[in-house]
Structures are given as structure tokens and as C-alpha cells.
Amino acid sequence: MTITVASGKGGSGKTMVTASLAALLAQEQPVTLLDLDVEEPNLHLFFDLPVRREGPVWSMIPDIDEERCTHCGVCSSICEFNALLVLEEQVLVFPELCKGCRGCAVLCPEGAVGDGRKMIGTLETRQGGAMTLHSGRLRVSETAAPALIRAVKERAGASEPVVICDAPPGTSCSAVEAVRDADFVILVGEATPLGLHDLELMVRTVRQLERPYGVVINKAVPQDRSVHAFCASESIEVLGIIPHSRAIAQACAQGRRIPEALPATYTVFEHILRAALRREVTAV
Ligand code: SF4
Ligand code: SF4
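This structure is a prediction, so every number in the text was calculated from the model and none was measured.

1. Notes on the environment of I272
Residue position: I272 is located in helix α10 (residues 266-277). Relative accessible area serves as the criterion here: at 0%, I272 is assigned to the buried category. Expressed as a C-alpha distance, the spacing of I272 and P169, which sit 103 residues apart in the sequence, is 20 Å. Those residues in contact with I272 that sit more than four places away from it in its chain are L21, I186, V216, L239 and G240.

2. Overview of the side chain of D224
Following the sequence through the fold, D224 ends up in the loop between β10 (213-220) and α7 (226-233). Despite its burial, D224 remains without a salt bridge, the nearest opposite charge being carried by R225 at 8.0 Å. Only 2.5 Å separates the side chain of D224 from the side chain of S226, close enough to count as a polar contact. Not counting the four nearest positions on each side in its chain, D224 is found in contact with A191, T192 and P193.

3. Some remarks on the layout of surface pockets
One number sums up the size of the largest pocket: a volume of about 540 Å³. Along its surface, the largest pocket is lined by 27 residues, and G11, S12, G13, K14 and T15 are the ones closest to its centre. Where the lining of the largest pocket is concerned, the elements lending two or more residues are α1 (14-25), β10, β11 (238-243) and α8 (246-253). Considered class by class, the residues forming the lining of the largest pocket number 10 nonpolar, 12 polar and 5 charged. Roughly 210 Å³ of internal volume is contained in the second largest pocket. T2, K153, A156, G157 and V163 are the residues nearest the centre of the second largest pocket, which is lined by 15 residues in total. Elements with a contribution of two residues or more to the lining of the second largest pocket: β1 (2-6), α4 (145-156) and β8 (163-166). Looking at the lining of the second largest pocket residue by residue, the class counts come to 8 nonpolar, 3 polar and 4 charged.

4. Re the environment of R139
Its place among the elements puts R139 in the loop between β7 (131-138) and α4. We classify R139 as partly exposed; its relative accessible area is 37%. At 2.9 Å, the side chain of R139 forms a polar contact with the backbone oxygen of M119.

5. What to know about the site of ligand 1
Taken together, the neighbourhood of ligand 1 is formed by C69, T70, H71, C72, G73, V74, C75, V86, C108, P109, E110 and V113. A majority-of-atoms criterion places ligand 1 in the largest cavity. The residue makeup of the shell around ligand 1, split by class, is 8 nonpolar, 3 polar and 1 charged.

6. A word on empty space enclosed by the protein
Within the structure shown, the criterion is met by 1 cavity of 30 Å³ or more. Considering the residues around the largest cavity, the lining is formed by 14 residues, among which C69, H71, C72, C75 and C108 are closest to the centre.

7. Description of the sheet that holds strand β9 (residues 184-190)
If you walk across this open sheet you meet the 9 strands as β3-β6-β7-β2-β8-β1-β9-β10-β11, and the pairing is mixed. Since the sheet does not close on itself, it has two edges, and those belong to β3 (51-64) and β11, each with one partner. Taking each pair of neighbouring strands and ignoring which way they run, the sheet shows an average axis angle of 20°. In this structure, β1 lies alongside β9, joined through 4 bridges in parallel fashion. Looking at the pairing, I3 lines up with F184 of β9. Packed on one face of the sheet, α7 meets β9, β10 and β11 and runs near 165° to β10.

8. Remarks on the domain arrangement of the protein chain
Domain annotation of the protein chain identifies domain 1 (2-57 + 122-277) and domain 2 (59-119). Relative to domain 2, the C-alpha centre of domain 1 lies at a distance of 36 Å. Each partner contributes residues to the interface: domain 1 has 9 residues there, and domain 2 has 7 residues. When domain 1 packs against domain 2, close to 680 Å² is buried across both sides, 54% of that on carbon and sulfur atoms. For the pair domain 1 and domain 2, the number of links is 1 salt bridge.

Analysis parameters
Residues numbered from 1 in each chain as written. Chains lettered and ligands numbered in written order. Predicted model: local features only at pLDDT ≥ 70, side-chain atom pairs only at ≥ 80, totals over all residues. Heavy atoms only, no water. Helix = DSSP H or I, 4+ residues; strand = E, 2+ residues; numbered from the N terminus. Buried < 20%, exposed > 50% of the residue type's maximum accessible area, 1.4 Å probe, protein only. Contact = heavy atoms within 4.5 Å. Lys, Arg positive; Asp, Glu negative; His and termini not counted. Salt bridge = Lys/Arg side-chain N within 4 Å of Asp/Glu carboxyl O. Polar contact = N/O pair within 3.5 Å; in protein donor to acceptor, adjacent residues only side chain to side chain. 1 Å grid on protein atoms, 1.4 Å probe; cavity = no way out; pocket = protein on both sides within 12 Å on 5 of 7 lines; lining within 4 Å. Points joined across faces, edges and corners; volume = space filled by probe spheres on them. Nonpolar A, V, L, I, M, F, W, Y, C, P; charged D, E, K, R; others polar. Near = heavy atom within 4 Å. Sits in = over half its atoms within 2 Å of the grid points. Pairing = 2+ DSSP bridges. Axes fitted to C-alpha atoms, helices over the stretch in contact; angles between N-to-C directions. Domains from an automatic or database assignment. Buried area = accessible area lost by both parts, 1.4 Å probe.

Here it is, written out as C-alpha cells:
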């Protein structure tokens, strides 16, 4: 089973929730964690796990055979990412823009596009006790985050009993890649006007992807009930409410898992975890 923790915006507490749920579950059974926030992986900061394996991740880039190429322009016209420019006597490839989709290779009428490769980032595996954590780290200036996210997900294997993923923030193609095959999505929404706006976008995204989901309201304050009201009006189940608290912020900044650092919060995280494991489905 794959549980993916996502949020519409950065700083909403997504990684804190992921680490806390994983720590609870690891008390009972082996847990595999995937840090899919490859542009800013920081889940490992919550765990003191030694790196067991580390290596580069490669992605395809076009390797143009100028002998065969007729400069017809098909490849550049189908490339959504403007990674190719066909000139009269040359095809220019911009590797940092290429997402490795292979569309140009498939559609080139002359078979002139071969498979080159570029390093898009690294993949690290940490392991200790019941916990295995795979993290991707995107190379600086690289844009092929979805390809690296796929590589991290492939590390998990199909036989893992429970996989908990920390998705990238937002609703970009990286976030979609992270949540699109989750068995259950936990959306962490911050109880602020901006948090509500981004949560609404994320709810639309998971509904389009037809993933079951529930919401965790983080940094909740009595004077702002807008996220509660939104969830009630949309029949979305609120899995847990985490209060706005200096103690939680401090523990989080120190890389401590919240249910262990602050036992009073244990019940909240326990409820979120059980609900996700039961795949309690709200509106899809
Ligand atoms: S589609 Fe093939 S033949 Fe046409 S310009 Fe691109 S590489 Fe050259
Ligand atoms: S592999 Fe895809 S993204 Fe890269 S140049 Fe070809 S069509 Fe564009």
C-alpha cells in the first residue's frame, strides 16, 4: 500500500506529517519511505539513518545522427519543452530542457534520433531498524524532476507492505507524478487564506486523478475556520487537526518526529495513520 503525503504549498508541514506517521508505523512493522520532493529532499533530516547506497540517475536525451537527418523539423515541432531547435544544417539540443520523453525519437521519420543520456540527479538509500528511506536529489539546473521521481518510486518494489511518500509541494507535473498512483493521499492544508487556496487546487488535482484522499489541517488556530468550512462544504474527511504551536515548530526545526517529541500529539497522528491504512475514502 502506498500512502502519499502532499500539499498545495511548501511549508505546510507535509514532511513533518510524513516523518511522524512513518515513525509511528515503524514501531509495528517495516516501513519504506520515499522522499519524492527531489528538488529539496529533507525527509532524511528526521531520521538518523546511515546511507547504504548512492548512485547517479540518468535520463534519455536525443543524440542526433546528422548523416540521416533531413532537417524536416518534426522533432522540434512535437517537443513540448522547446529542447530542440532545427537549423538549416544542424539540430541543436538543449539538454537542460529535455524531459527524456522520447517523443522525438519515436516520431523522427528518418530514425535519426538516437538515445543519448544525461545525469539528472542522484538516488540515496538509507536504512536502519524497521526503516528504509529512498531519496532523490535533482541536479542543480536540471528540470527533469518527474523522471527522477519515477526512479525513486521504482526503488520501492511491489512487495513492500507499506510505502509512505513525501510528495513535492504544489500542483506541478512533479506533484502529479508523485500522487498519481497512490492508494491514499493525505493532503496537508495550512489554516491560512493562502493555505486554503492551495489546498483547493490540490483537492481538484487528486479528484482528477481519482485518488482517495483525506485532509490534515495543520497550524490550526481558533480564529481561522476557513479550511474546516471548505472541507465540510465539499464533504471531505478531516483526518486530523494539528494546532499552531511553538513547541511543534521547535521540535520540527530540530528534526524530531512530533508524536515522540510531544506525546500529547500522539493520538492525532495515530488517528491519521489508521484512517490512511484503512483507505478511508472521502469524495473522489
Ligand atoms: S525529425 Fe529527425 S530528420 Fe527531422 S529534423 Fe528532427 S532529427 Fe532531423
Ligand atoms: S526526448 Fe522529449 S523532451 Fe527531450 S527533446 Fe525529445 S521530445 Fe523533447
